[in-house]
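Structural features, examined
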Amino acid sequence: MTTAQAQAQTPTAPDLTGLLQHAAHVLTTQTTAALGSELDISSRGFCVLAHAMPGGLTQAQVAEQSRLDKTTMVVTVDELEKAGLAERVPSPTDRRARIIRVTAAGRKAVEAGQEIVDHVHNDVLGALPEDERKVFTSALTRLVGGHLAEPVECERPVRRPRQARK
């Protein structure tokens, strides 16, 4: 291999995709473990409950806010209903749609779950020097709110990594 070929294969920028995917995976597993051990709820279930808390949102609207596909949303709401944390009720304006209503037990789970999630997030940020924490979160917030706000159209399907089933 020539020097020019070696240089052509050497990345010129950090592997942001790999870094962000790894960070998201590890953070999700930490959050899921914490929520599971304390509340016996998945991070996905917590996310759905938290987004449904204001009330009046259809299952499709909560799925969109939670960034879940239709099948995953159905399975998640089934689990939440079985646990008594949420229920599907008919929409008053669209007989085909179902509203996700958070039960009293679900509201308590969201309140306790938010404390757990905040603890996990603060623990992660605590691994950074104090002067880097605000810079990191500010930069990430700007990217997600701007340049990385929406996926682009892509001919090849992009799949999320499969999650292990219990």
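Shown above is the structure to which this text applies.
Only a predicted model underlies this, so the values are computations on that prediction, with no experimental measurement involved. Each chain carries its own residue numbering, running from 1 in the written order of its sequence. Per-residue local features are limited, in this predicted model, to residues with pLDDT of at least 70; the limit for side-chain atom pairs, both in listing and counting, is 80 or more; totals at the level of whole chains, interfaces and linings are taken over all residues. Only hydrogens and water are set aside; all other atoms, that is, all heavy atoms of the structure, feed into the side-chain values.

**Regarding the pattern of salt bridges**
Think of it this way: side chains of opposite charge can pair up when their charged atoms draw near. Note the following rule: When a carboxyl oxygen of Asp or Glu is within 4 Å of a side-chain nitrogen of Lys or Arg, the pair counts as a salt bridge. Secondary structure counts use DSSP, requiring at least four H or I residues in a row for a helix and at least two E residues in a row for a strand, with both numbered from the N terminus. Think of it in three bands: residues with accessible area under 20% of the maximum for their type are buried, residues over 50% are exposed, and the middle band is partly exposed, with areas taken using a 1.4 Å probe on protein chains only.
All chains considered together, the criterion is met by 4 salt bridges. A salt bridge links R88 to D78; its shortest N-O distance comes to 2.9 Å. In this pair, R88 is assigned in strand β1 (residues 86-90) and D78 in helix α5 (residues 70-82), connecting sequence segments 10 residues apart. Accessibility expressed as a relative area gives 22% for R88, which makes it partly exposed. Residue R96 is joined to D94 by a salt bridge in which the shortest nitrogen-to-oxygen separation is 3.2 Å. Each of the salt bridges in this network shares a partner with another, and the network as a whole consists of D78, E81 and R88.

**Topic: the nonpolar core**
What counts here: The nonpolar core is taken to be a set of buried Ala, Val, Leu, Ile, Met, Phe, Trp, Tyr and Cys residues, with the residues joined through side-chain atoms within 4.5 Å. By definition in these notes, contact holds between two residues if any of their heavy atoms fall within 4.5 Å.
If you look at the biggest cluster of nonpolar residues, it comprises 23 residues, and the most contacted ones within it are I41, V48, L49, V62, M73, L80 and I100. Contributing elements (two or more residues each) for this core: α2 (16-39), α3 (43-52), α4 (59-66), α5, β2 (98-102) and α6 (104-125). Per element, the largest residue contribution to this core is 5 residues, and it comes from α6. The contact partners of I41, leaving out residues within four places of it in the chain, are T32, L35, G36, F46, L49, L80 and L85.

**What to know about the packing of α3 against α5**
Filter applied, for reference: Every axis in this analysis is a line fitted to C-alpha atoms, fitted for helices over the stretch in contact. Angles between the N-to-C directions lie between 0 and 180 degrees. In these notes the angle categories are as follows: under 35 degrees is roughly parallel, over 145 is roughly antiparallel, 65 to 115 is roughly perpendicular, and the rest is oblique. The residue classification treats Ala, Val, Leu, Ile, Met, Phe, Trp, Tyr, Cys and Pro as nonpolar and Asp, Glu, Lys and Arg as charged. All others, Gly included, are polar.
Following both chains from N to C, one finds α3 and α5 inclined at 85 degrees, their axes separated by 10 Å at the closest point. Classed by the angle they form, the pair α3 and α5 counts as roughly perpendicular. Seen from α3, the contacting residues are R44, G45, V48 and L49; seen from α5, they are T72, M73, T76, V77 and L80. Residues belonging to the contact of α3 with α5 are distributed by class as follows: 5 nonpolar, 3 polar and 1 charged.

**Details of α5**
Counted only if it meets this: To estimate how far a helix should extend, the number of its residues minus one is multiplied by 1.5 Å. Picture the helix axis, draw a direction to every C-beta atom, and the arc is the one those directions span.
Its 13 residues place the ends of α5 18 Å apart at the C-alpha level, agreeing with the 18 Å of an ideal helix rising 1.5 Å per residue. When α5 is considered as a whole, its buried residues turn out to be M73, T76, V77 and L80. The buried residues of α5 all sit within an arc of 95 degrees when viewed along its axis, so they share a single face. Opposite the buried face of α5, at more than 90 degrees from it, the exposed residues are T71 and K82. Contacts from the buried residues of α5 go to α3, α4, β1 and β2.

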